[in-house]
Amino acid sequence: PGRHEAIISTETWDKIHSHMSSRYLNPSSRSRSQQNPLSGLVYCSRCHRVMQRRPYQNGSPAALICTTKGCITVSSNLAIVEQRLLESLDSWLTDYELTEPDALPDTSEKTALLNKSILSCQAELKEAEAQINRQYDLLERGVYTEEEFFERNARMKKRKKDLSEQLADLQQELHEELDIQNAKKRLLPALQMIHDTYTQIDSPVTRNNLLREVVDHIEYSRTEGGRWKDSDNFTLEIFPKVK
């Protein structure tokens, strides 16, 4: 305390620490039994089963393995997977501009584009509805024959249906994008805490709880090499905790 300017406030730190502590169930007993800091977070991309920690009696480092019989996913050194995850979270931290959390924009280029597309789609939908109404008027005035009316009316109703579906898709995409942006703001303090304290924490349980503050789940992929060959030849797809 007092040696460096605080990156996050004491109130934010206390709030996250309190939230993490409230999730513990018998921490002392769990820390003795749980040795995997990635427990329940990493899933095999092939069979979609949770991957497990495998210790070795000969002193070799523990591995992260898929226990599904017949699955071709190759195991990796657990510590290397954990390190890769931390590097990815550090990358998130940089992208989210943690040092200036209030400067994180409420809108993004993608959000602006989606809003513009929604307005355009709504205008086209309104015009399609107006054209349908005009078609009925033209039929009553005898400008359209019944055959012309039914042909053009069916075509315009199909356009209206397509536009309605397109609008619904755009609105859903905008909703998901806003969720992601809001999640970024919420995740910033926890990401900073991971960056500052993770390697100083010995308890796998505490590490696991800290990771769960920002990560929903991770998909692990590796089908080539071996545990002792090309040990970093794997990919992780990390899904942030959006809600």
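All values reported here derive from a predicted model rather than from experimental measurement.

Across its full length, the chain holds six helices and six strands. By residue count, 34% of the 243 residues in the chain fall in the buried class. For the chain, long-range pairs separated by at least 24 residues make up 68% of all intrachain contacts whose partners lie at least 6 apart in sequence. Surface exposure of the chain reaches about 15400 Å², of which carbon and sulfur atoms provide 48%.

A separate point is helix 5 (residues 146-197). A rise of 1.5 Å per residue sets the reference length of helix 5, with its 52 residues, at 76 Å; its end C-alpha atoms lie 76 Å apart and thus fit the reference within 8%. Of all the bends in helix 5, the greatest, near 45 degrees, is centred on leucine 187, and the proline proline 189 appears no more than four residues after it.

On inspection of all chains with the given rule, the structure shows three aromatic pairs. Judged by centre distance (5.0 Å) and plane angle (65 degrees), the ring pair of tyrosine 136 and phenylalanine 149 falls under edge-to-face. Taken as a pair, tyrosine 136 in helix 4 (residues 109-140) and phenylalanine 149 in helix 5 lie far apart in primary sequence, 13 residues in all. Residue class for tyrosine 136 comes out partly exposed when judged on its relative accessible area of 36%. When the centroid spacing of 5.4 Å and the interplanar angle of 65 degrees are considered together, the rings of phenylalanine 149 and phenylalanine 150 count as edge-to-face. Taking relative accessible area as the criterion, phenylalanine 149 reaches 4% and is therefore assigned buried. Ring pairs connect the aromatic residues Tyr136, Phe149 and Phe150, which therefore count as one cluster. In this arrangement the basic side chain of arginine 84 is found over the ring face of phenylalanine 234, its NZ or CZ atom lying 4.1 Å from the centre.

Now for helix 6 (residues 204-212). Because an α-helix packs 3.6 residues into every turn, residues spaced three or four apart end up facing the same way. Along helix 6, seven of the nine residues are buried, which leaves the element largely enclosed by surrounding structure. Within helix 6, burial applies to Pro204, Val205, Arg207, Asn208, Asn209, Leu210 and Leu211. For helix 6, the N-terminal capping position is held by serine 203, with its side-chain oxygen 3.3 Å away from the main-chain nitrogen of valine 205.

The next subject is the side chain of glutamine 34. Locating glutamine 34 in the fold gives a position in the loop between helix 2 (27-33) and strand 1 (42-44). Of the residues examined, glutamine 34 reaches a relative accessible area of 14% and is grouped as buried. Apart from residues lying up to four places away in sequence, glutamine 34 is in contact with Ser39, Pro204, Val205 and Asn208.

This paragraph deals with the pattern of salt bridges. A full pass over the atoms with the stated rule returns ten salt bridges. For the salt bridge of glutamate 82 with arginine 207, the shortest nitrogen-to-oxygen distance reads 2.8 Å. With glutamate 82 in helix 3 (residues 78-95) and arginine 207 in helix 6, this residue pair connects regions lying 125 residues apart in the sequence. In this pair, the class of glutamate 82 matches that of arginine 207, namely buried. As a salt-bridge pair, arginine 134 and glutamate 127 come within 3.0 Å of each other at their nearest N and O atoms.

Our next topic: the confidence of the model for the chain. Put simply, the chain has an average pLDDT of 84, and 82% of its residues get 70 or more. Across the chain, strand 1 holds the top mean pLDDT of 97, while helix 2 sits lowest at 49. pLDDT under 50 marks residues 24-31. Its contacts with residues more than four places away, or in other chains, come to nine contacts. A low-confidence stretch, residues 98-105 stays under pLDDT 50, and its non-local contacts, those more than four residues away or across chains, total twelve contacts.

Close contact between helix 3 and helix 5 brings their axes to 10 Å; oriented N to C, the two are set at 135 degrees. On the basis of the axis angle, helix 3 is oblique to helix 5. Seen along the crossing, helix 3 lies across helix 5 with a hand that is left-handed. Where helix 3 abuts helix 5, its residues Leu86, Leu89, Asp90, Trp92 and Leu93 lie against Leu188, Leu191, Gln192, Ile194 and His195.

Conventions used here
- Residues numbered from 1 in each chain as written.
- Predicted model: local features only at pLDDT ≥ 70, side-chain atom pairs only at ≥ 80, totals over all residues.
- Heavy atoms only, no water.
- Helix = DSSP H or I, 4+ residues; strand = E, 2+ residues; numbered from the N terminus.
- Buried < 20%, exposed > 50% of the residue type's maximum accessible area, 1.4 Å probe, protein only.
- Contact = heavy atoms within 4.5 Å.
- Areas by Shrake-Rupley, 256 points an atom, 1.4 Å probe, with all protein chains shown as cover.
- Expected span 1.5 Å × (residues − 1).
- Bend = angle between axes of the 7 residues up to and from the residue.
- Phe/Tyr/Trp six-rings, centres within 6.5 Å; stacked < 30°, edge-to-face > 60°.
- Lys NZ or Arg CZ within 6 Å of the ring centre and 35° of its normal.
- Polar contact = N/O pair within 3.5 Å; in protein donor to acceptor, adjacent residues only side chain to side chain.
- Salt bridge = Lys/Arg side-chain N within 4 Å of Asp/Glu carboxyl O.
- pLDDT = per-residue confidence, 0-100.
- Axes fitted to C-alpha atoms, helices over the stretch in contact; angles between N-to-C directions.
- Parallel < 35°, antiparallel > 145°, perpendicular 65-115°, else oblique.
- Left-handed = near helix turned anticlockwise from the far one by under 90°.

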